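Observations on the three-dimensional arrangement
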Amino acid sequence: MNCTRIRRGLMQSGPANGDSPADPDQPVAEHLRHCAACRGFAERLQTARQGLRRHHAGIEPDAAFASRLSRRLATDTPTDLGRTALRLLPLSVAVLLLLFLISTQTRRLAEPAATITATEDAYLTWVLAADEENS
C-alpha cells in the first residue's frame, strides 16, 4: 500500500478504537510498523483528534471533514487567485509604465550631448592629418 492511500484512510476512518488500527494483522497496521513517516502522521492525527475532543464542548469533526475541506480548497483556490490577479492588474500596468518612463529618462540623461557632428570622411581626414604631423 502506498503512503497517500494509508494517510487518506487514517483521516477518513475516524476515531474508532482510540485512533489505532483495530486489527494488528491489517495492512494499515503493518504499514505503520514499517513506515516512520506514516507512523508520525498517525500520531499527529491522534494528538489533533484528542485535542479537539478536549476543546470546549467536545466537538470533533466527522471522519469525512478533512476530505470535504481539501476538496473545497482545491476548487476555490484558483478562482480566488484569479480574482486577486484581476484586482492587481491595473496596478501592475501602472508599475510597468512607470518603470518604462524611468528607463527612457535615464537613457536620455546617460547619452552624451553631441556637440560636434562629424561624418566618417571628416573623421578619417582628421586621423590621417594627425598621423602625417606625427611622422
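Quick caveat, the model's predicted, so the values are computed rather than measured.

**As for the overall build of the protein chain**
Counting its secondary structure elements, the protein chain contains 5 helices and 0 strands. Helices and strands in the protein chain line up, N terminus first, as α-α-α-α-α. Buried residues in the protein chain amount to 12% of all 135 residues. Accessible surface, the protein chain as shown: approximately 11200 Å² in total, 62% of it carbon and sulfur.

**Here we look at the pattern of salt bridges**
If the charged atoms of two oppositely charged side chains come close together, the side chains can form a pair. The tally for this structure, following the rule as stated, stands at 2 salt bridges. Between E30 and R33 there is a salt bridge, with the nearest N and O atoms lying 3.1 Å from each other. Highlighted residues: E30 and R33, both in helix 2 (residues 27-34), separated by 3 residues, approximately one helical turn. A salt bridge links D62 to R68; the nearest nitrogen and oxygen atoms lie 3.0 Å apart. Overall, R68 belongs to the partly exposed group, its relative accessible area being 39%.

**Considering a nonpolar patch on the surface**
A surface patch of nonpolar side chains, amounting to about 560 Å² of accessible area, comprises L88, L91, V95, L98, L99 and I102. Looking at the secondary structure, you find L91 in helix 4 (residues 65-110). For L91, a relative accessible area of 53% puts it in the exposed group.

**Observations regarding the state of the cysteines**
For the coordinates displayed, the defined rule picks out 0 disulfides. Lacking any disulfide linkage, C35 is separated from the closest cysteine sulfur, that of C38, by 3.7 Å. Accessibility expressed as a relative area gives 14% for C35, which makes it buried. No disulfide involves C38; its sulfur sits 3.5 Å from that of C3, the nearest cysteine.

**A short note on the nonpolar core**
In globular proteins that are soluble, nonpolar side chains generally tend to be buried together. Formed by I6, L10, L32, C35, C38, F41, A42 and L45, the largest nonpolar core amounts to 8 residues. At the level of elements, helix 1 (3-13) and helix 3 (36-54) are the ones that each hand at least two residues to this core. Counting residues per element, this core draws most heavily on helix 3, which supplies 4 residues. In this structure A42 touches L10 and L32, once residues within four positions along its chain are discounted.

**With respect to helix 2**
Of all the residues in helix 2, the buried ones are A29, H31 and L32. Considered in projection along helix 2, the buried side chains sweep an arc of 160° and stay on one side of the axis. Turned more than 90 degrees away from the buried face of helix 2, the exposed residues are P27, R33 and H34. Those residues of helix 2 that are buried are in contact with helix 1 and helix 3.

**With respect to the packing of helix 1 against helix 3**
Interhelical geometry of helix 1 versus helix 3 gives an angle of 15° and a closest axis separation of 10 Å. Judged on the interaxial angle alone, helix 3 and helix 1 are roughly parallel. As helix 1 runs across helix 3, the sense of the crossing is right-handed. The residues of helix 3 that touch helix 1, namely those facing C3, R7, L10, M11 and S13, are A37, C38, F41, A42, L45 and R49. Of the residues assigned to the contact of helix 1 with helix 3, the class counts are 8 nonpolar, 1 polar and 2 charged.

Calculation criteria
Residues numbered from 1 in each chain as written. Predicted model: local features only at pLDDT ≥ 70, side-chain atom pairs only at ≥ 80, totals over all residues. Heavy atoms only, no water. Helix = DSSP H or I, 4+ residues; strand = E, 2+ residues; numbered from the N terminus. Buried < 20%, exposed > 50% of the residue type's maximum accessible area, 1.4 Å probe, protein only. Areas by Shrake-Rupley, 256 points an atom, 1.4 Å probe, with all protein chains shown as cover. Salt bridge = Lys/Arg side-chain N within 4 Å of Asp/Glu carboxyl O. Patch = residues over 30% accessible without salt bridge, like charges linked within 9 Å, V, L, I, M, F, W, Y side chains within 5 Å. Disulfide = S-S within 2.5 Å. Core = buried A, V, L, I, M, F, W, Y, C linked by side-chain atoms within 4.5 Å. Contact = heavy atoms within 4.5 Å. Arc of directions from axis to C-beta. Axes fitted to C-alpha atoms, helices over the stretch in contact; angles between N-to-C directions. Parallel < 35°, antiparallel > 145°, perpendicular 65-115°, else oblique. Left-handed = near helix turned anticlockwise from the far one by under 90°. Nonpolar A, V, L, I, M, F, W, Y, C, P; charged D, E, K, R; others polar.

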